[in-house]
Amino acid sequence: MHNTPESDIASDADLVARLIATQHPDLAGPLTLVSDGWDNLIYRLGDAYAVRIPRREVAAHLIEHEQQVLPAFAARVGVGIPAPVRIGVPSELFPFAWSIVPWVDGIDGAEVTAEERASIALPLAAFVAALHEPASGDVPANPVRGVPLATRDAAVQERLRHLSERMEVADLADAWRDALEAPAWDGPPIWLHGDLHPGNLVLTPDLARLAAVIDFGDVTAGDPATDLATAWLTFDQDARAVFRAELTRLSPAALVDDAAWRRARGWAVTMATALAVNSDDNPRMAGLAAHALAQLIPA
């Protein structure tokens, strides 16, 4: 198994403060590191903002993708998203793009139970339905999201081999095989969040509503079933049924037909196995993987 991908871009709070002072001095304020993810660091900036800065060169351009598309998304989805309020451009201090985004008070969806996340089944379905429109214009490329599932087969099979050393994977292999056999998406590319797991969902402090959907680094367009994988990643069986029913009510039939849900379960296998084999040093992500794997394996 593996740990969280190592950082290969050096930065710290002092560097971020200098970047802000150089490019956006009117927003300068105290900085607090609040998240060290796979691809980015998040610093809280004062009370109202956060700074999103890449920690891996392979993912550095994902922030540019967010800067490109999130302002348009914000105009149509009925929930907070991290559309940049200011853009940081590459400079002598730091050779990659970075963003200042709104700070959202709330509870990390990865830090609560699946039962507590059931409250967001309806609003998350509404978010997905609003986001899932045919894409136009310049679409960020993404080789691992929205693509035909068959292109992910080698990676999934390798992860299943690793997981077989610590758990029974026959049911996961069956779910993956069924997804590969499902009719492929043959419609227009659909806008996708691309990484819709609980760690990218923010609940209101009372856990009653969805406050925000964050981390659009994997944003792209393609098979809408990619985002439907959140049904297994985020919910238990009962809330998954609520989510599916509401999304079916709100969406064009082709985006949520039986073939889409079969592929969605395959996307859940893809994402859950990726989390499972790369989170030995990250209990938060390992917990998300354990939940999703349990939902994918029949009781």
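Residues numbered from 1 in each chain as written. Predicted model: local features only at pLDDT ≥ 70, side-chain atom pairs only at ≥ 80, totals over all residues. Heavy atoms only, no water.

Let's shift gears to the overall build of the protein. Counting secondary structure elements, the protein contains eleven helices and ten strands. Expected size for 299 residues packed as a compact globule is a radius of gyration near 19 Å; at 19 Å, the protein falls within 12% of this value. In terms of overall dimensions, the protein has a C-alpha envelope of 55 × 40 × 40 Å along the principal axes. Residue pairs in contact within the protein that sit at least 24 positions apart in sequence constitute 74% of those at least 6 positions apart. For the protein, the computed accessible surface area is about 12,900 Å², with 53% contributed by carbon and sulfur atoms. Side chains of the protein give 22 positive and 41 negative charges; the mean places of these two sets differ by 3 Å. (Helix = DSSP H or I, 4+ residues; strand = E, 2+ residues; numbered from the N terminus. Rg over C-alpha atoms; globule rule 2.2 N^0.38 Å. Contact = heavy atoms within 4.5 Å. Areas by Shrake-Rupley, 256 points an atom, 1.4 Å probe, with all protein chains shown as cover. Lys, Arg positive; Asp, Glu negative; His and termini not counted. Charge placed at Lys NZ, Arg CZ, Asp CG, Glu CD.)

Time to look at unusual backbone geometry. Even without being glycine, L207 reaches a positive phi, approximately 65°. With respect to the element layout, L207 can be found in the loop between β8 (201-203) and β9 (210-213). One non-glycine residue, D215, lies in the positive phi region at around 50°. Turning to its location among the elements, D215 is positioned in the loop between β9 and β10 (220-222). Judged by its relative accessible area of 22%, D215 is partly exposed. (Buried < 20%, exposed > 50% of the residue type's maximum accessible area, 1.4 Å probe, protein only.)

Quick look at the pairing of strand β1 (residues 31-36) now. Summarising the sheet, β1 and strand β2 (residues 40-45) pair through five bridges and their orientation is antiparallel. Directly across from D36, in β2, lies its bridge partner L41. Hairpin connection between β1 and β2: a loop of three residues separates the two successive antiparallel strands. (Pairing = 2+ DSSP bridges.)

Reported here for the second largest pocket is a volume of approximately 190 Å³. Looking at the second largest pocket, it is lined by 13 residues, and the ones nearest its centre are V147, P148, L149, A184 and W185. Residues belonging to the lining of the second largest pocket are distributed by class as follows: nine nonpolar, two polar and two charged. (1 Å grid on protein atoms, 1.4 Å probe; cavity = no way out; pocket = protein on both sides within 12 Å on 5 of 7 lines; lining within 4 Å. Points joined across faces, edges and corners; volume = space filled by probe spheres on them. Nonpolar A, V, L, I, M, F, W, Y, C, P; charged D, E, K, R; others polar.)

What follows deals with the sheet that holds β9. Strand order in the open sheet formed by three strands is β6-β8-β9, with antiparallel pairing between adjacent strands. Of all strands in the sheet, those bounded by a partner on one side alone are β6 (107-108) and β9. With three bridges joining them, β8 and β9 adopt antiparallel strand pairing. Bridge pairing in β9 places L203 opposite L210.

By size, the foremost hydrophobic cluster in this structure holds 67 residues, and its most contacted members are F73, F127, F243 and W261. The residues touching F127, leaving out its near neighbours within four places in the chain, are V77, V79, I81, L196, V213 and F216. Counting 16 residues, the second-largest nonpolar core is a separate cluster that includes I9, Y43, F94 and I100. (Core = buried A, V, L, I, M, F, W, Y, C linked by side-chain atoms within 4.5 Å.)

Okay, the packing of helix α5 (residues 153-163) against helix α10 (residues 258-277) next. Contact geometry of α5 with α10 gives a least axis separation of 10 Å together with a crossing angle of 50°. When the interaxial angle is binned, α5 and α10 end up oblique. Considering only the axes of α5 and α10, their crossing is left-handed. Residues V156, R159, L160, H162 and L163 of α5 touch α10, and the partners they reach there are V269, T270, T273, A274, A276 and V277. Split into classes, the residues belonging to the contact of α5 with α10 amount to seven nonpolar, three polar and one charged. (Axes fitted to C-alpha atoms, helices over the stretch in contact; angles between N-to-C directions. Parallel < 35°, antiparallel > 145°, perpendicular 65-115°, else oblique. Left-handed = near helix turned anticlockwise from the far one by under 90°.)

Centre-to-centre distance and the angle between the planes together describe a pair of aromatic rings. Applying the stated criterion across every chain, the model contains seven aromatic pairs. Site record: aromatic cluster; members linked through ring pairs are F73, F127, W191 and F216. (Phe/Tyr/Trp six-rings, centres within 6.5 Å; stacked < 30°, edge-to-face > 60°.)

Just geometry here; none of it tells us what the structure is for.
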